Amino acid sequence: MQTSIATVSISGTLREKLMAIATAGFDGIEIFEQDFIADQASPRAIGEMIRDHGLNITLFQPFRDFEGLPEPYRAKAFDRAERKFDVMQELGTDLILICSSLHPKSLGGIDRAADDFHALGERAAKRGLRVGYEALCWGQHVNDHRDAWEVVRRADHPNVGLILDSFHTLARKIDPQTIRSIPGDRIFFVQLADAPLIEMDLLYWSRHFRNMPGEGDLDVTGFMRAVMAAGYTGPISLEIFNDQFRGGNTLALARDGHRSLVALMDDVQRHEPDVETVAPPLPARIKPKGVSFAEFTSRGGEAQALETQLATLGFVRVGTHRNKQVALWQQGDIRIVVNQETVGHAGAVWNARGTSVCDLGLQVEDAQAVVTRAEALGAEPFAQPLGPGELLIPAIRGLSGSLLHFIDAASGLDQVWQREFHTTAAPGEAGLTHVDHLAQTMSYEDMLSWTLFYTSLFDMQKSPIVDVIDPDGLVRSQVVQSSDGALKVTLNGADTHRTLAGSFLADTFGASVQHLALATDDIFATLNVLGERGFVPLKIPSNYYDDLAARFDLPAGLLTRMKASHVLYDQDEGGDFFQCYAPAIANGFFFELVQRNTGYIGFGGPNAPFRIAAQKRMGRAKGLPMI
Ligand code: MG
Ligand code: MG
């Protein structure tokens with residue numbers, strides 16, 4: 001599999017782009033004319049610079065408004081093409097993309113276009129060049145790959161072939177199965193892009209909202225399966241036009257792009273038995289079995305405050321690490337690790353972010369398989385020196401430097417607690433059983449990267465983005481969860497630092513876990529126990545309960561109990577949901593307690609604005625400026 005990316009897909013100068021594209025692992029680039037026109041070097045020097053990065057130029061583009069013109073426009077179009085051929089020879093590439101015409105004088109007619117392409121094929125052949133024809137989905141006469149193929153077929157020239165672009169086919173809802181009947185050797189090039197489903201003008205949608213395969217809602221996998229089944233063997237290239245990407249982090253975007261292609265071609269290979277794209281084959285997407293532990297880095301007074309809150313939440317300090325300043329708190333299947341080491345990863349994260357979740361441990365079937373798949377997708381494995389008797393727990397760096405550890409029973413990694421900790425007590429029993437979900441906060445522009453990270457590595461699906469109202473701005477929220485719900489993550493994207501999520505982000509320098517929701521089967525019973533331990537919930541105003549009484553048909557007794565305990569409520573077709581919040585600790589992190597009754601699939605989203613307002617009130621009362 002030869003991977004490629006159009007230079008227009010990412011931000012930066014041409015030189016910055018080349019460095020990032022090569023680092024991310026691509027084999028080639030589609031060069032956009034504007035990119036080298038803006039550079040001061042000659043086309044020949046630019047071609048050499050590209051090859052010096054170990055990259056091929058897979059395609060030169062774009063060439064517009066060529067076919068179907070009357071004279072004198074036709075002759076001028078051929079002259080323009082000859083000048084582009086000169087540039088291509090200087091750059092050192094043999095394939096040009098011609099997109100279907102939007103020229104007001106273009107006459108249309110499949111045979112007229114085919115004749116033009118045959119004649120251009122003759123001229124290209126003299127120079128050893130090839131011509132590819134792409135149907136723009138807003139093309140004047142040709143806007144469907146089936147018509148473009150008919151033009152190519154009738155042009156009947158070995159130097160003229162078809163260029164397919166997933167966006168143009170899928171945005172017009174053309175069945176990609178129609179590609180299976182096109183001879184693979186007549187498809188010269190394939191461009192890939194996904195996009196969110198939005199009803200809007202096709203051209204505007206294409207130019208501003210494309211994203212990496214897997215980041216949007218189009219069936220790019222179905223498209224690529226058809227292309228590969230047709231016998232295509234050329235480069236697989238990303239062509240993404242996205243306003244956000246044009247201003248994003250160049251290397252991070254290039255890495256996302258490469259990750260999206262590897263995951264896509266792995267999916268294609270799984271579904272098309274005769275197609276081999278990823279060698280050696282990757283382990284399948286990993287089914288997470290839940291959160292095994294959450295580790296906080298903390299120090300001094302902040303660590304004390306965290307541990308005090310854990311005690312009021314019914315956790316018991318069950319063990320102390322044999323070699324390190326690390327405590328293990330447990331209740332049910334929930335393990336919270338409090339790490340006060342000044343060296344290693346935890347020490348480094350504390351220096352950068354203060355008290356925060358520095359590691360997450362996920363329970364999986366096969367920890368090594370996760371790392372193998374993650375590395376193929378471009379993730380960085382992580383290891384630090386082991387102390388005496390410590391287990392090597394496979395880990396990778398997530399985005400923004402966070403760490404994900406993987407624990408399996410098969411290799412005995414679940415014995416880490418007995419092996420590495422002096423056990424001093426039994427786990428707490430206040431009714432909290434497991435981590436229901438975790439919420440990560442990030443800047444809005446990183447949300448696509450995170451959804452791609454989770455959905456390409458794990459068997460997890462994303463839900464649509466919803467808006468959450470903060471009194472000081474908007475936060476966009478998206479759920480990514482495994483098919484069986486064992487791992488549920490809510491991603492919150494903030495634009496402004498004035499929102500609670502935004503100020504959390506500013507204080508923690510990058511995406512981090514902002515809250516952990518802990519599940520109980522009976523929230524009122526649990527809160528009774530916690531009350532005895534000194535737990536004080538986040539105060540919810542009585543207006544909330546008046547509104548709740550108007551919105552839902554709830555028994556009066558239940559409403560009174562919720563109000564007394566500061567429990568929030570939601571319901572959907574499947575069932576109902578109760579939630580309660582602990583006051584935020586250092587840097588704005590907080591615990592949530594939830595009772596998810598059978599069938600409820602949400603996360604209490606409608607309550608988020610009231611929770612945020614209550615947290616901000618509490619923060620202001622404490623004299624904290626932001627929360
Ligand atoms: Mg295209
Ligand atoms: Mg939550």
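Sequence order as written defines residue numbering, which begins from 1 separately in each chain. Both sets of labels track the order of writing: A upward for chains, 1 upward for ligands. Local features in a predicted model are, by the rule used here, given only for residues with pLDDT of at least 70; side-chain atom pairs are given and counted only at 80 or more, and totals for whole chains, interfaces and linings are based on all residues. With hydrogens and water excluded, all non-hydrogen atoms of the structure serve as input to the side-chain values.

1. What to know about the overall build of the protein
Under the scheme used here, helices are H or I runs from DSSP no shorter than 4 residues and strands are E runs no shorter than 2 residues, and both carry numbers assigned from the N terminus. Along its length, the protein carries 21 helices and 26 strands. Here the C-alpha radius of gyration of the protein, 28 Å, is about what a compact globule of 627 residues would show, namely 25 Å. With the C-alpha coordinates aligned to their principal axes, the bounding extent of the protein is approximately 90 × 60 × 45 Å. Within the protein, buried positions represent 57% of all 627 residues. Just to be clear, the radius of gyration here is over C-alpha atoms, and the globule rule we use is 2.2 Å times residues to the power 0.38. Exposed residues in this analysis have more than 50% of their type's maximum accessible area, buried residues have under 20%, and partly exposed residues fall in between, with area computed by a 1.4 Å probe over protein chains only.

2. Let's talk about the domain arrangement of the protein
Accessible area lost during the coming together of the parts is what is often quoted as the interface size. Along its sequence, the protein is organised into domain 1 (3–271), domain 2 (290–423) and domain 3 (432–621). Residue ranges labeled as domains rest on an automatic or database domain assignment. Between the C-alpha centres of domain 1 and domain 3 there is a distance of 44 Å. In short, buried area is how much 1.4 Å probe accessible area vanishes from two parts on joining, totalled over both. At the boundary of domain 1 with domain 3, total buried surface from both sides reaches about 930 Å², with 54% on carbon and sulfur atoms. Per-residue buried area on domain 1 facing domain 3 is highest for Glu215, Gln244 and Arg259; these three make up 54% of the total on that side. Criterion for a salt bridge: a side-chain nitrogen of Lys or Arg within 4 Å of a carboxyl oxygen of Asp or Glu. Counting across the interface, domain 1 meets domain 3 through zero salt bridges. In protein, a polar contact means a hydrogen-donor-capable atom and an acceptor-capable atom, both N or O and within 3.5 Å, with residues adjacent in sequence counting only if both atoms are side-chain atoms; elsewhere, any N or O pair within 3.5 Å suffices. Run the count over domain 1 and domain 3 and you get four residue pairs in polar contact (both at pLDDT 80 or more). Counting only elements with at least two residues in the side of domain 1 that touches domain 3, the list comes to α10 (243–246) and α11 (250–271). The residue makeup of the side of domain 1 that touches domain 3, split by class, is three nonpolar, five polar and three charged. Classification convention: Asp, Glu, Lys, Arg as charged; Ala, Val, Leu, Ile, Met, Phe, Trp, Tyr, Cys, Pro as nonpolar; all other residues, Gly among them, as polar.

3. Description of the coordination of the magnesium ion (ligand 1)
Octahedral metals with six donors have ideal donor angles of 90 or 180 degrees. Tetrahedral metals with four donors have an ideal donor angle of 109.5 degrees. Protein coordination at the magnesium ion (ligand 1) comes from Glu134 (OE), Asp165 (OD), Gln191 (OE1) and Glu239 (OE), with a distance range of 2.1 to 2.2 Å. Coordination of the magnesium ion (ligand 1) draws on donor residues from a single chain, spaced E-x30-D-x25-Q-x47-E in sequence. Separated by 26 residues along the polypeptide, Asp165 in strand β6 (residues 160–165) and Gln191 in strand β7 (residues 187–192) bring together distant segments of the chain. With respect to class, Asp165 is no different from Gln191; both count as buried. Counted as donors are N, O and S atoms no farther than 2.8 Å from the metal, or 3.2 Å for Na, K and Ca; water is not among the atoms, and sites may therefore look incomplete.

4. Details of the pattern of salt bridges
Considering all chains together, one arrives at 30 salt bridges under this definition. With a shortest N-O distance of 4.0 Å, Asp256 and Arg259 are connected by a salt bridge. Taken together, the positions of Asp256 and Arg259, both in helix α11 and three residues apart, correspond to about one turn of that helix. Judged on exposure class, the residue Asp256 and its partner Arg259 are both buried. Residues Glu365 and Lys289 are paired through a salt bridge, measuring 3.2 Å at the closest nitrogen-oxygen approach. Of this pair, Glu365 sits in the loop between β13 (356–363) and α14 (367–376) while Lys289 sits in the loop between α11 and β9 (290–297), and the two are 76 residues apart along the sequence. The class for Glu365 is exposed, based on a relative accessible area of 55%.

5. Remarks on the nonpolar core
Residues belong to one nonpolar core when they are buried, are Ala, Val, Leu, Ile, Met, Phe, Trp, Tyr or Cys, and are joined through side-chain atoms within 4.5 Å. Counting 180 residues, the largest nonpolar core has Leu192, Met224, Ile336, Phe406, Leu516, Met562 and Phe591 as its most contacted members. Per-element accounting of this core gives the leading share, eight residues, to α11. Whether two residues touch is decided by their heavy atoms; if any such pair falls within 4.5 Å, the residues are in contact. Look past the residues within four positions of Met224 in its chain and what remains in contact with it is Val190, Leu192, Ile236, Leu264, Met265 and Val268.

6. Looking at the pairing of β6
For β6, a buried count of six out of six residues is recorded, marking the element as mostly surrounded by other parts of the structure. Strand pairing requires that DSSP identify at least two bridges connecting the strands. As paired elements, β6 and β7 share four bridges and run parallel to each other. Paired with Ile163 across the two strands is Phe189, which belongs to β7.

7. Brief notes about the sheet that holds strand β10 (residues 316–321)
Picture the strands of a sheet paired through backbone hydrogen bonds; they go either parallel or antiparallel. A sheet is described by the order of its strands in space; here nine strands give the open sequence β14-β15-β16-β13-β9-β12-β11-β10-β17, paired in mixed fashion. Strands at the two margins of the open sheet, each flanked by one partner only, are β14 (380–382) and β17 (421–423). Along the sheet, successive strands turn relative to each other by an average axial angle of 30°, direction set aside. Bridging between strand β11 (residues 326–331) and strand β12 (residues 334–339) involves six bridges; their strand directions are antiparallel. Following the sheet pairing, Trp329 is matched in β12 by Ile336. What counts as an axis is a line fitted to C-alpha atoms, over the stretch in contact for a helix, and the angles between N-to-C directions run from 0 to 180 degrees.

8. What to know about the sheet that holds strand β5 (residues 130–134)
The eight strands lie next to each other as β1-β2-β3-β4-β5-β6-β7-β8, forming a closed barrel whose pairing is parallel. Looking at each pair of strands side by side, their axes are set apart by 30° on average, direction ignored. As paired strands, strand β1 (residues 3–6) and strand β8 (residues 236–238) are joined by three bridges and run parallel to one another. Bridging across to β8, Ser4 finds its partner in Ser237. This element, helix α3 (residues 43–52), spans β2 (28–32) and β3 (56–63) of the sheet and lies at about 135° to β3. Strands in contact with helix α5 (residues 110–126) are β4 (95–99), β5 and β6; relative to β5, the strand with the most contacts, it is inclined by about 150°.

9. Notes on the packing of aromatic side chains
We call Phe, Tyr and Trp rings a pair once their centres come within 6.5 Å, taking the six-membered ring for Trp, and we label the pair stacked below 30 degrees between planes, edge-to-face above 60, and tilted otherwise. Summed over the entire model, instances satisfying the criterion amount to 24 aromatic pairs. Look at Phe63 and Phe66: their rings are 6.2 Å apart centre to centre, the planes differ by 45°, and that puts the pair in the tilted class. One exposure class covers both Phe63 and Phe66, and it is buried. Taking 5.5 Å as the distance between ring centres and 80° as the angle between the ring planes, the aromatic pair formed by Phe293 and Trp417 counts as edge-to-face. Here Phe293, found in strand β9, pairs with Trp417, found in helix α15 (residues 416–420); they are 124 residues apart in sequence, far enough to count as distant. Across this residue pair, the class does not change: Phe293 and Trp417 are buried. Here the aromatic cluster, defined as three or more aromatic residues joined through ring pairs, consists of Phe63, Phe66, Phe78, Phe117 and Tyr133.

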